[in-house]
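# Tertiary structure, described
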Amino acid sequence: MKHKVITLCGSIKFQDDFLRVQHELTIQGNIVLLPVFLNNINTSIDITKLKPMLNEMHLQKIDMSDEIFVVNRGGYIGDSTKHEIEYAKSKNKNVKYMVYPDIQD
């Protein structure tokens, strides 16, 4: 059985939502790739210097995926996520969206 590979995209400020979606999609039999949540890492590394590399790595995750799943609490989609959606579409990847009506900003 080949498991579908799904990359989660969206604002990392919704980390709890990412983890919930990752859990749901994983128990449905999918391989789920997440962005890196550097905001929780206590380090002396200048995160702004890492951002270009991490963005490139996230696009490579999209390349490796069958589809992307946009975690868009309240319908929010920022500029980086818009770019990832357009990138995925340009690579003929399926794009799915999730809005959590039960969660208020």
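What counts and what doesn't
- Sequence order as written defines the numbering, with residues in each chain counted from 1.
- Selection of residues for local features in this predicted model requires a pLDDT of at least 70, selection of side-chain atom pairs for listing and counting requires 80 or more, and totals for whole chains, interfaces and linings are taken over all residues.
- Side-chain numbers come from the whole structure's heavy atoms, not from hydrogens or water.
- Counted as salt bridges are all cases of a side-chain nitrogen of Lys or Arg within 4 Å of a carboxyl oxygen of Asp or Glu.
- Each helix is a run of H or I in the DSSP string that is no shorter than four residues. Each strand is a run of E no shorter than two, and both are numbered from the N terminus.
- Using a 1.4 Å probe on the protein chains alone, a residue whose accessible area is under 20% of its type maximum counts as buried, one over 50% counts as exposed, and one in between counts as partly exposed.
- Between 30 and 60 degrees the pair is tilted, below 30 it is stacked and above 60 it is edge-to-face, where a pair is any two Phe, Tyr or Trp rings, Trp via its six-membered ring, whose centres lie within 6.5 Å.
- Look at NZ for Lys and CZ for Arg. If either is within 6 Å of the ring centre and within 35 degrees of the ring normal, a charge sits over the ring.
- Here, any two strands with at least 2 DSSP bridges between them count as paired.

### What about the pattern of salt bridges?
Enumeration according to the criterion identifies 5 salt bridges in this entry. Note that arginine 20 is salt-bridged to aspartate 17, the shortest N-O span being 4.0 Å. One end of the pair is arginine 20 and the other is aspartate 17, both in helix α1 (residues 15-27) and 3 residues apart, which spans about a single turn. The partly exposed category is assigned to arginine 20, whose relative accessible area is 29%. A salt bridge links arginine 73 to aspartate 17; the shortest N-O distance between them is 2.9 Å. You can see arginine 73 sitting in the loop between β3 (67-71) and α3 (79-90) and its partner aspartate 17 sitting in helix α1, a full 56 residues away along the chain. Accessibility classification places arginine 73 together with aspartate 17 in one group, the buried group.

### Things to note about the packing of aromatic side chains
Applying the stated rule across the entire model yields 1 aromatic pair. Relative to tyrosine 76, the ring of phenylalanine 14 lies with its centre 6.2 Å away and its plane at 80°, an arrangement referred to as edge-to-face. Note that phenylalanine 14 is positioned in the loop between β1 (5-10) and α1 and tyrosine 76 in the loop between β3 and α3, a separation of 62 residues in sequence. A relative accessible area of 40% means that tyrosine 76 is categorised as partly exposed. Taking NZ or CZ as reference, lysine 13 lies 4.4 Å from the ring centre of tyrosine 76, over its face.

### Here we look at the pairing of β3
β3 sits mainly inside the fold: 5 of its 5 residues count as buried. Here β3 shows two buried faces, one formed by Glu67, Phe69 and Val71 and the other by Ile68 and Val70. Relative to β3, β1 runs parallel, the two being bridged by 5 bridges. From the neighbouring strand, glycine 10 faces β3, where its bridge partner is valine 71. Sheet topology places β3 next to strand β4 (residues 94-98); 5 bridges connect them, and they run parallel.

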